[in-house]
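# Structure at a glance
The lines below spell out each chain.
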Amino acid sequence: MPGRNHLYVPGPTNIPDAVLSAMHVPMEDHRRPDFPALVTPLLENLKKVFRTEAGQCFIFPATGTAGWEIALSNTLSPGDKVLSYRFGQFSHLWIDLARRLGLEVEYEEVPWGQGVPLDRLEARLKADTAHEIKAVLICHNETATGVTNDLPAVRKAIDAAGHPALFYVDGVSSIGSLDFRMDEWGIDIGVAGSQKGFMLPAGLALLGFSQKALKARESAKCKRAFLDINDHILHNAGGFFPYTPSIPLLYGLRKSLELLLEEGLENVYARHARLAEGVRRAVAAWGLQLCAQDPKWYSNTVSAVVVPPEFDARDVIHTAYFRYNLSLGAGLSEVSGKVFRIGHLGDLNELSLASAIVGSEMAMLDVGIPLTPGSGIAAASAHWRETAPVIQPRV
Ligand code: PLP
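The shown structure was predicted, so the numbers you read here are calculated from the model rather than taken from an experiment.

Cut-off values and rules
Residues numbered from 1 in each chain as written. Predicted model: local features only at pLDDT ≥ 70, side-chain atom pairs only at ≥ 80, totals over all residues. Heavy atoms only, no water. Domains from an automatic or database assignment. Contact = heavy atoms within 4.5 Å. Buried area = accessible area lost by both parts, 1.4 Å probe. Salt bridge = Lys/Arg side-chain N within 4 Å of Asp/Glu carboxyl O. Polar contact = N/O pair within 3.5 Å; in protein donor to acceptor, adjacent residues only side chain to side chain. Helix = DSSP H or I, 4+ residues; strand = E, 2+ residues; numbered from the N terminus. Buried < 20%, exposed > 50% of the residue type's maximum accessible area, 1.4 Å probe, protein only. Pairing = 2+ DSSP bridges.

Quick look at the domain arrangement of the protein chain now. When its domains are assigned, the protein chain resolves into domain 1 (6–12 + 265–386) and domain 2 (17–262). The partner domain 2 presents 30 residues to the 27 residues of domain 1 that form the contact. Between domain 1 and domain 2, roughly 2,400 Å² of surface is buried when both sides are summed, and carbon and sulfur atoms account for 58% of that area. Three residues stand out in domain 1 for area buried against domain 2, namely Leu-265, Tyr-269 and Trp-297, and they jointly supply 27% of the buried area on that side. With a shortest N-O distance of 3.2 Å, Arg-86 and Glu-334 are connected by a salt bridge. Taken together, the connections running from domain 1 to domain 2 amount to 14 residue pairs in polar contact (both at pLDDT 80 or more). At the level of elements, helix H10 (265–285) and strand E12 (302–306) are the ones that each hand at least two residues to the side of domain 1 that touches domain 2. Counting residues per element, the side of domain 1 that touches domain 2 draws most heavily on H10, which supplies five residues.

This part is about the pairing of strand E9 (residues 189–193). Extensive coverage of E9 is indicated by the burial of five of its five residues. Side chains Ile-189, Val-191 and Gly-193 of E9 all project onto a buried face; the interleaved residues Gly-190 and Ala-192 project onto the opposite face, where all are buried too. The pairing of strand E8 (residues 166–170) with E9 spans three bridges and is classified as parallel. Paired with Val-169 across the bridge in E9 is Gly-190. For E9 and strand E10 (residues 205–209), the ladder comprises five bridges, and the chain directions are antiparallel.

What follows covers the sheet that holds strand E11 (residues 289–290). Each strand in a sheet pairs with another by means of backbone hydrogen bonds, the pair being arranged parallel or else antiparallel. In spatial order, the strands read E11-E12-E14; together these three strands make up an open sheet with antiparallel pairing. Each edge of the open sheet carries a strand with a single partner, namely E11 and strand E14 (339–343). Pairing analysis gives two bridges linking E11 to E12, with the strands arranged antiparallel. Residue Leu-290 lies in a different strand from E12, and its bridge partner there is Val-305.

Structure, rendered in structure tokens:
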């Protein structure tokens, strides 16, 4: 098919040409004496994106799911109680994984489209006077519903309860795209994956551990082998890995970190916010709703668009793909058929994202959803034109 596929799922995301080129390397010896010149700055730059100076970052040849397991198994013991909230497919899967590791998971069902109930979180922690809850697990950005939680407010709730629980965050679809500050917000473990804000193929689980989380591993009894951070701590100290790393992914990560830091994290967050607002204006102009039920939860990395009840969102996704070579995110589990998702994170600008808006609109019209042709892109482009930054040189 001529022309590129327009990839607007919320991960994997589009890979910038500079990152693609950086990954095009011959294999090399990962035990060569100057290999640390590649690895050590990578780990340092990763800390900048996680916004931690006090903590330590890790790079595992795995995906975000393994990141969840790395966080839990390295710091907790079977039978330990953790507290969480289920409000979408990814918060659901983390809870499921924690149970499979033998943890006792206490969780609250939250309607999909809402976020963590902060008052109830604080009340639950206050009630836990024996401090049985060892960790609070929060999915920062629920990719299935386009809901972002207020992490400083979660920290505040934990502090207000005077509770010592560790604070673990799934930042797979937020870190590197949304404001995320490990040290300042007292986050003990942040989990990311390479295929979203880091604009790489899947294949790296990226984690930040606070000193408190690092200390917790001394008493943690969950079984771990390949995912044991002790081996990484030992080998990373010299600039190596405990096993064979993916060389192209490391070079890609070096370039993507360079791009993020050159743009400046605040600018990266602002770009995501501004582009996301254009998508939200388009959705409103179509007369449709987002799955996220309140603006305080609107995600700047993904919008889950609810189709009218007499339509099936899978038809929109199918049509967008086969007629227009546009990949939209599917509705997962409870929202399957009810929503389609537009991923707006990573390497994108106004005009690239415009293709997702125009393509969604064309596909919706094709399946019969009544909307005014051109209304979405008119609203998005008006917002982007009004808020266009002062022209900067592109090179
Ligand atoms: N957490 C969130 C919020 C996600 O969006 C995803 C994947 O989309 C995951 C975890 C799982 O990551 P992976 O598919 O890389 O294992």
